[in-house]
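One-letter residues, chain by chain:
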Amino acid sequence: MTYLWIGVAQCLAMISGRVALGPPASVAAMLLGADKRAAAEFSFFLAIPTMVGAFAYDFYKTAAK
């Protein structure tokens, strides 16, 4: 359930235009009782798919030229 609420916080951050993945996930995790290390790890793992997707999209756009 904790992960769901962290995801909700992340979605709300994206709606407001703040697409940085780390701070909203970290703050939400700490507010829900996680320690700093766990919050940082979760934030990092949450960012990996987004960074891979951004790289793939940029690579696709660059290769298409």
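Data block above holds the structure.
For clarity, every value in this text was computed on a predicted model and none was experimentally measured.

### Examining the pattern of salt bridges
Using the criterion set out here, one finds 1 salt bridge in the structure. Arg37 serves as the salt-bridge partner of Glu41, at 3.1 Å between the closest nitrogen and oxygen. Taken together, the residues span about one helical turn, with Glu41 and Arg37 both in helix H3 (residues 36-63) at a distance of 4 residues. Accessibility expressed as a relative area gives 63% for Arg37, which makes it exposed.

### A closer look at the nonpolar core
Ranked by size, the top nonpolar core spans 5 residues in total: Ile6, Ala25, Ala28, Ala29 and Ala39. Considering every element that reaches this core, the biggest residue donor is helix H2 (residues 22-31), with 3 residues.

### Examining the packing of aromatic side chains
In the structure shown here, the tally under the stated rule is 2 aromatic pairs. Geometrically, the ring pair formed by Phe55 and Phe59 is stacked, given 6.1 Å between the ring centres and 25° between the ring planes. In this pair, Phe55 and Phe59 both sit in helix H3, 4 residues apart, roughly one turn of the helix. A relative accessible area of 56% means that Phe55 is categorised as exposed.

About the thresholds
Residues numbered from 1 in each chain as written. Predicted model: local features only at pLDDT ≥ 70, side-chain atom pairs only at ≥ 80, totals over all residues. Heavy atoms only, no water. Salt bridge = Lys/Arg side-chain N within 4 Å of Asp/Glu carboxyl O. Helix = DSSP H or I, 4+ residues; strand = E, 2+ residues; numbered from the N terminus. Buried < 20%, exposed > 50% of the residue type's maximum accessible area, 1.4 Å probe, protein only. Core = buried A, V, L, I, M, F, W, Y, C linked by side-chain atoms within 4.5 Å. Phe/Tyr/Trp six-rings, centres within 6.5 Å; stacked < 30°, edge-to-face > 60°.

Just distances and angles here, no functional claims.
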